[in-house]
Amino acid sequence: MSIGTLLAACTNAAERGDSVHFLRWRTPTEGVELALTEGTLVLEASCLRLQPRSGGTDYALIWPLEFGFKAEGNTVTILGVGGQRVAKVGDVLEVGGGDYGELTAEEFERFVIGSPRCGGPYWRVGGVEVTASKP
């Protein structure tokens, strides 16, 4: 399956309200903020979120346009450009990008692809490093 077909299938699944709501930023990742946060990638109420390790903010993640995901059984894997594995639910991550807080309905519609059911605060992902992987 090509990455384009895979991304289209993933986007359609998220928009239909299936088991994973995968949020993506409508524009390419150029010029993304250089802030850093860390936590565990979790699937909460069908939304991919970054759960803080201690005392931080729990963010709904907005992935780069070029990213996708694959859901198999209880495993959700994030796929980067070319379909390579970037992370999976349960991994501890350092995530570069920027805090977008809460978005109005108009801002969400204008900038985000995916379901508004995943409430903020939002983090626009610019880069990901797995610091501990779930077995």
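Residues numbered from 1 in each chain as written. Predicted model: local features only at pLDDT ≥ 70, side-chain atom pairs only at ≥ 80, totals over all residues. Heavy atoms only, no water.

**So, the packing of aromatic side chains**
In this structure the tally under the stated criterion is seven aromatic pairs. Residues phenylalanine 22 and tryptophan 63 carry aromatic rings whose centres are separated by 6.0 Å and whose planes lie at 10 degrees to one another, so their mutual orientation is stacked. Separated by 41 residues along the polypeptide, phenylalanine 22 in the loop between helix H1 (3-16) and strand E1 (23-25) and tryptophan 63 in strand E4 (residues 59-63) bring together distant segments of the chain. The class for phenylalanine 22 is buried, based on a relative accessible area of 4%. The interplanar angle of 5 degrees and the centroid separation of 5.5 Å between the aromatic rings of tryptophan 25 and phenylalanine 111 together place this pair among those described as stacked. Linking tryptophan 25 in strand E1 with phenylalanine 111 in helix H2 (residues 105-111), this pair joins segments that are 86 residues apart in sequence. Looking at phenylalanine 111, the relative accessible area reads 27%, which means it is partly exposed. An aromatic cluster of at least three residues, connected via ring pairs, comprises Phe22, Trp63, Phe67 and Phe69. (Phe/Tyr/Trp six-rings, centres within 6.5 Å; stacked < 30°, edge-to-face > 60°. Helix = DSSP H or I, 4+ residues; strand = E, 2+ residues; numbered from the N terminus. Buried < 20%, exposed > 50% of the residue type's maximum accessible area, 1.4 Å probe, protein only.)

**A closer look at the side chain of threonine 77**
Summarising the element assignment, threonine 77 is placed in strand E6 (residues 75-79). Judged by its relative accessible area of 12%, threonine 77 falls in the buried class.

**Topic: the pairing of E6**
Judged by how many residues are buried, E6 sits mostly within the fold: four of five residues are covered. Sheet topology places strand E5 (residues 68-72) next to E6; five bridges connect them, and they run antiparallel. By the bridge assignment, glutamate 72 is partnered in E6 with threonine 75. Connecting E5 to the antiparallel partner E6 that follows it, the hairpin turn spans two residues, and glycine 73 within it adopts a positive phi of roughly 60 degrees. Judged from the three bridges that link them, E6 and strand E7 (residues 85-88) form a sheet pairing that is antiparallel. Following the sheet pairing, leucine 79 is matched in E7 by arginine 85. (Pairing = 2+ DSSP bridges.)

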